[in-house]
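So the chains spell out like this:
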Amino acid sequence: MADAREEDLVVQSSDMALLNIASLHSGGSLDLSPRYQRRNRWDRTRQSQLIESFLLNVPVPPVYLAEESRGVFAVIDGKQRLTAIVQYLANDFPLSRLELRKDLEGARFSDLSADAASTLSMRPLRAVTILRQTPDWVKHEVFVRLNRGGQPLNAQEIRNVAYAGPFNDQIIQLAEQPFLRRQLKIRSAESSAYADMSDVETVVRFFALASGWRNFGGNLRDSLDYFMLQNHEAGPSEIDEYSGRFLRAMHWCEQLWGGHAFQRYDGTQWRDQMIGGVYDAQMVAVDSTPDHILQSTPTRDVINRMQALFGDPEFDTSVRLSTNTSARVRYRIQAVTNLLNGNLV
């Protein structure tokens, strides 16, 4: 990373009326989801309480924007506040669980009196804008530092910032694969696995383990970080190769295990929950197994053999307890690899 100098960071501060913020967004000049941003975390209660704060004229912390091009801004810090403002003024939700303005409980923006609507629309929010001549890496560093003061970034959100680029963008795209979303129970942008970027981390997890499970050192977070550090500048052909491997593995897991893919059998039934250790074992195993073997494998046999495998206490432990030790990662992946190849017998 380049050495930072005071003149690298060029900023401008101003007060923006909430109505102007909503207008900027509707006109396409305010990007609430730049590639380095975290996803929506606030529920309707927190959004309502923010609107209540504006109505009461309670001071609200400033937001930080980055000027991407002339007149176009991306949010660096304050995404949750800006999203609440934009959505409420667009009439997207009614106020709920208010603490002081109980009279406005259930009111959408269109339900407010003319005076209240005007007051809210003209309330100011301080915006600190990082101007476009500031280098991109400085913007990303500002993002990380600002978020240290609020709800901390999780490991995948940090990777999303630190390794932004075409490969990271493609990983986010791969996380939208329908079968993966179904197994993660992602039904909307409010689903927890989507909001905290678990879906994206799941893709990185496959790449990291498929690339080095035999030499896994016992720290999953470090392995995912190292994979992204080594590959975030991958070119188009490498990105295509990684994408093809992921989609192929996901396809075969769906074909072989169907709705039971990535789930644990408890001896009497399949538990309706995706387990990271089972995901590792199945995805990496099919990745290393040729198509002609997978094509000759009856689905019923694979499911029966998988049930039997959970009868092995060592395998069951490897996907449930201390799952990221090097021995247990290797054991569970090798066990499913053997299962798939054993179907030829």
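As the structure is a computational prediction, the values presented were derived from the model and not from experiment. (Residues numbered from 1 in each chain as written. Predicted model: local features only at pLDDT ≥ 70, side-chain atom pairs only at ≥ 80, totals over all residues. Heavy atoms only, no water.)

### Some words on unusual backbone geometry
Then comes step 1: Positive phi, close to 55°, is recorded for Arg 97, a residue that is not glycine.
Then comes step 2: Note that Arg 97 resides in the loop between α3 (79-89) and α4 (114-122).
Then comes step 3: The exposure class of Arg 97 is exposed, given its relative accessible area of 62%.
Then comes step 4: In the Ramachandran plot, Met 197 falls in the positive-phi region, its phi being about 65° despite a non-glycine side chain.
Then comes step 5: Residue position: Met 197 is located in the loop between α9 (192-195) and α10 (198-212). (Helix = DSSP H or I, 4+ residues; strand = E, 2+ residues; numbered from the N terminus. Buried < 20%, exposed > 50% of the residue type's maximum accessible area, 1.4 Å probe, protein only.)

### Comments concerning the pattern of salt bridges
Then comes step 1: Across all of its chains, the model carries 16 salt bridges by this definition.
Then comes step 2: Across the pair Glu 67 and Arg 132 runs a salt bridge, and its minimum N-O distance is 3.2 Å. With Glu 67 in strand β3 (residues 63-69) and Arg 132 in the loop between β5 (124-130) and α5 (136-147), this pair connects stretches of sequence that are 65 residues apart.
Then comes step 3: When the shortest N-O distance is used, the salt bridge between Asp 103 and Arg 101 registers 2.9 Å.
Then comes step 4: For Arg 101, a relative accessible area of 25% translates into the label partly exposed. (Salt bridge = Lys/Arg side-chain N within 4 Å of Asp/Glu carboxyl O.)

### Remarks on the pairing of β3
Then comes step 1: The pairing of β3 with β5 spans four bridges and is parallel. Each residue of the ladder has a partner; that of Val 63, found in β5, is Ala 127.
Then comes step 2: Two elements, β3 and strand β4 (residues 72-77), share five bridges in a ladder whose sense is antiparallel. Bridging across to β4, Ala 66 finds its partner in Ala 74.
Then comes step 3: Where β3 hands over to β4, the hairpin turn is made up of two residues, of which Gly 71 adopts a positive phi near 80°. (Pairing = 2+ DSSP bridges.)

### What about helix α12 (residues 236-257)?
Then comes step 1: Counted at 1.5 Å a residue, the expected span for α12 with its 22 residues is 32 Å, and the 31 Å between its end C-alpha atoms agrees.
Then comes step 2: Buried within α12 are the following residues: Ile 239, Tyr 242, Ser 243, Phe 246, Ala 249, Met 250, Trp 252, Cys 253, Leu 256 and Trp 257.
Then comes step 3: Positive backbone phi, at 55°, marks Gly 258, one or two positions downstream of α12. (Expected span 1.5 Å × (residues − 1).)

### Overview of the domain arrangement of the chain
For an interface, size is often stated in terms of accessible area lost upon the parts coming together.
Then comes step 1: Split by domain assignment, the chain resolves into domain 1 (11-152) and domain 2 (178-341).
Then comes step 2: Taking only C-alpha atoms into account, the centre of domain 1 sits 38 Å from that of domain 2. (Domains from an automatic or database assignment.)

### What about helix α15 (residues 299-309)?
Then comes step 1: Of all the residues in α15, the buried ones are Val 302, Ile 303, Met 306 and Leu 309. Down the axis of α15, the sector holding all buried residues measures 120°, keeping them to one side.
Then comes step 2: Check the buried side of α15 and you find it contacts α12, α13 (276-287), α16 (313-318) and α17 (326-342). (Arc of directions from axis to C-beta. Contact = heavy atoms within 4.5 Å.)

### Details of the side chain of Thr 45
Then comes step 1: Residue placement: Thr 45 occurs in helix α2 (residues 44-55).
Then comes step 2: Residue classification places Thr 45 among the buried residues on the basis of a relative accessible area of 18%.
Then comes step 3: Apart from the residues within four sequence positions on either side, Thr 45 is in contact with Ser 96 and Arg 97.

### A short note on the packing of aromatic side chains
Then comes step 1: Summed over the entire model, instances satisfying the criterion amount to 16 aromatic pairs.
Then comes step 2: Centre to centre, the rings of Phe 167 and Phe 207 are 6.0 Å apart; their planes meet at 35°, and the pair counts as tilted. With Phe 167 in helix α7 (residues 166-174) and Phe 207 in helix α10, this residue pair connects regions lying 40 residues apart in the sequence.
Then comes step 3: Looking at Phe 207, the relative accessible area reads 1%, which means it is buried.
Then comes step 4: For the pair Phe 179 and Phe 262, a centre-to-centre distance of 6.0 Å together with 55° between the ring planes defines the contact as tilted. Placement of Phe 179 in helix α8 (residues 178-183) and of Phe 262 in the loop between α12 and α13 is noted, with a sequence separation of 83 residues between them.
Then comes step 5: Exposure remark for Phe 262: the relative accessible area of 0% places this residue in the buried category.
Then comes step 6: Among the aromatic residues, those joined into a ring-pair cluster are Phe 167, Phe 206, Phe 207, Phe 227, Tyr 242 and Phe 246. (Phe/Tyr/Trp six-rings, centres within 6.5 Å; stacked < 30°, edge-to-face > 60°.)

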